[in-house]
Amino acid sequence: MIAIVDYGVGNLFSVKSSFNYIGAEVIVTGNAEEIRKADKILLPGVGAFEDAIAKLRSTGLDKVIIEEAKNGKPIMGICLGMQLLFEKSYEFGEHEGLGLLSGSVVPMKGVIKEDLKIPHIGYNALIFKKNHPLFKYIKDGDYVYFVHSFYAKDCEDSLLATTEYDKELTAIVGKDNVMGCQFHPEKSGEIGLNILKAFCEM
Amino acid sequence: MITKRIIPCLDVKNGRVVKGVNFEGLSDVSCPVELAKYYSSCGADELVFYDITASFEERRLFTDILTRVAQNVFIPLTVGGGINTLDDFDRVLKCGADKVSVNSGAIKNPQLIKEASLKYGSQCVVLSVDVKRVDGEFLVFSKGGRENTGIEAISWIKQGVELGAGEIVVNSIDTDGVKNGFDIELLKLVCEAVSVPVIASGGAGSIDHFIELFNEIPDIDAGLAASIFHFGEVEIKELKKQLKENNIRVRI
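Notes on the structure in this doc start here. Because the structure is predicted, anything quoted here is derived from the model rather than measured.

Of the regular secondary structure elements, chain B holds ten helices and eleven strands. Taking 2.2 N^0.38 as the reference for a compact globule, 252 residues should give roughly 18 Å; the C-alpha atoms of chain B span a radius of gyration of 17 Å, in line with that estimate. The C-alpha extent of chain B, read off along each of the three principal axes, is 45 × 45 × 35 Å. Expressed as a percentage of the 252 residues in chain B, the buried residues total 51%. Contacts in chain B between residues at least 24 apart in sequence constitute 64% of all its contacts with a sequence separation of at least 6.

Sheet strands line up and pair through hydrogen bonds in the backbone, either parallel or antiparallel. All names here are of chain A. Pairing is mixed across the open sheet formed by four strands, whose spatial order is β6-β5-β7-β11. Each having just a single partner strand, β6 (95–96) and β11 (150–153) make up the two edges of the open sheet. Pairing between strand β5 (residues 86–89) and strand β7 (residues 101–107): three bridges, direction parallel. Looking across to β7, one finds that Ser89 is bridged to Val105.

Residue-level contacts link 24 residues of chain A with 23 residues of chain B. A per-class count over the side of chain A that touches chain B returns eleven nonpolar, nine polar and four charged.

Let's shift gears to the nonpolar core. Within the largest apolar cluster, 79 residues are counted, with the highest numbers of intra-cluster contacts made by Leu47, Leu66, Val100, Val125, Ile168 and Val170 of chain B. Those residues in contact with Val170 of chain B that sit more than four places away from it in its chain are Val129, Val131, Leu186, Leu187, Val190, Val198, Ala200 and Ser201 of chain B. By size, the runner-up hydrophobic cluster in this structure holds 68 residues, among which are Ile35, Phe135, Ile138 and Cys155 of chain A.

Our next topic: the sheet that holds strand β13 (residues 167–175) of chain A. Residue and element names in this part refer to chain A. Read across the sheet, eight strands follow the order β2-β1-β3-β4-β14-β13-β12-β9 without closing on themselves; strand pairing throughout is mixed. Both edges of this open sheet fall to β2 (26–29) and β9 (127–128), since each of them pairs with a single strand only. As paired strands, strand β4 (residues 75–78) and strand β14 (residues 178–181) are joined by four bridges and run parallel to one another. Looking at the pairing, Ile75 lines up with Val178 of β14. Its contacts with the sheet place helix α1 (residues 13–21) against β1 (2–5), β2, β3 (40–43) and β4, and it is angled at close to 165 degrees to β2.

Residues and elements named next belong to chain A. Relative to β13, strand β12 (residues 159–165) runs antiparallel, the two being bridged by six bridges. Across the sheet, residue Thr163 finds its bridge partner in β13, namely Leu169. What sits between the antiparallel neighbours β12 and β13 is a turn of one residue, in which Asp166 has the positive phi angle 70 degrees. Bridging between β13 and β14 involves four bridges; their strand directions are antiparallel. Its bridge partner lying in β14, Lys175 is registered against Val178.

Here is what the cut-offs are and how they apply
- Throughout, a residue's number is its position along its own chain's written sequence, starting from 1.
- Written order decides the labels, with chains lettered from A and ligands numbered from 1.
- For this predicted model, a pLDDT threshold of at least 70 governs which residues receive local features, and a threshold of 80 or more governs which side-chain atom pairs are given and counted, while totals over whole chains, interfaces and linings are taken from all residues.
- Put simply, DSSP marks the helices as runs of H or I at least four residues long and the strands as runs of E at least two long, and each gets a number from the N terminus on.
- The globule rule is 2.2 Å times the number of residues to the power 0.38, and the radius of gyration it is compared with is taken over C-alpha atoms.
- Counting other C-beta atoms within 10 Å of each residue's C-beta, where C-beta atoms are placed from the backbone, gives the exposure class: buried for 20 or more, exposed for 12 or fewer, partly exposed between.
- Once C-beta atoms have been placed from the backbone, residue pairs whose C-beta atoms lie within 7 Å are recorded as contacts.
- Strand pairing is assigned whenever DSSP identifies at least 2 bridges connecting the two strands.
- Residues are grouped as follows: Ala, Val, Leu, Ile, Met, Phe, Trp, Tyr, Cys and Pro are nonpolar; Asp, Glu, Lys and Arg are charged; all remaining types, including Gly, are polar.
- What makes a nonpolar core is a set of buried Ala, Val, Leu, Ile, Met, Phe, Trp, Tyr and Cys residues, with links drawn between C-beta atoms within 7 Å.
- To obtain each axis, a line is fitted to C-alpha atoms, and for helices this fit is confined to the stretch in contact; angles are then taken between N-to-C directions over 0 to 180 degrees.

This is how it looks when you write it as structure tokens:
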């Protein structure tokens, strides 16, 4: 059973549907006990970092996620959910994250060429940096769907794949049992489903 | 770098795709779920669904259909048609839409763009604009292209982006249905005016028209079409193959 953490941020319909589609058992929940009971945790997220981390803290789910991660339970963050795994974000101010991965989240603005559009929206190719069980059913160069204006940096120890948008931007991270995708696997067609499938099998 | 996107558009009425479709191998060619699955498997990068129903009952049927599509197809879904309020946004987003396209509703009430982008994020708000040349000027038409608003198109699009629209669909009424190619002149002007993704619509009749579009306007993000895909005049697999052969980046 995979617990999709519901903390009032974003629409969880597609994430839930994609797991259902590949035959995984999922529960969408904001209940600490149910999250603790699950075999794996999926942390989704759309919107602003500050708002999201505040909601995790006010519900006490931040502690649950951190504890479960330390117990070795596989955890995957998607998009903002991935960004929350890091130590810090500089999205409109400076905010502390869950600190499960080292590194910080910073704006793309000022880093990539000025004539490129921000947010980075669309399908872009993965560039593998290390091998990882998440890559079981996908290959280097596969396309996935991104929608974001901020990206994770200084995360060399967990960096698994990047994507090129003028600069190489963090696309997939993973260290021990804690993983994350900057893009939306639930919106990346077959490739995305294959990443979720690999996560289910871990 | 990101790829150019190819987007089929499906008009849905009474739970069925209208405008007729003929595909071999599809058991039910006007079933939105079947068609959506088919397009997704052919390499469509996104899907747009237009709700062209009017009554409340039919609208409920549309959201049921949308839910079923979203349970079976895992590429971005945009929904348009009859979006006038934040409640309309909420209704379709809950069914699994990723983006919501506004047109006449935003012309009536431009603040809708602002309110929706603040609530759901700019990436969720698509401004769709029907444009036609009138006395040498590009003007915005509303109500499915039937009513001249008198508003100048480029200034409206700029205003839409300032209000928070994250993507623009430009439909040229002049080229729509003519199958003589996209409206390059208009699309160039739009791409120069805004820095958000621009999606070209209206006029595609062949693969060459897509190649022309992406070659003539390197900044354009996507090409959208309906009947040429539905009637199989342009097959998405072949289209993407030829785009790639012409050094245009696509997801294959």
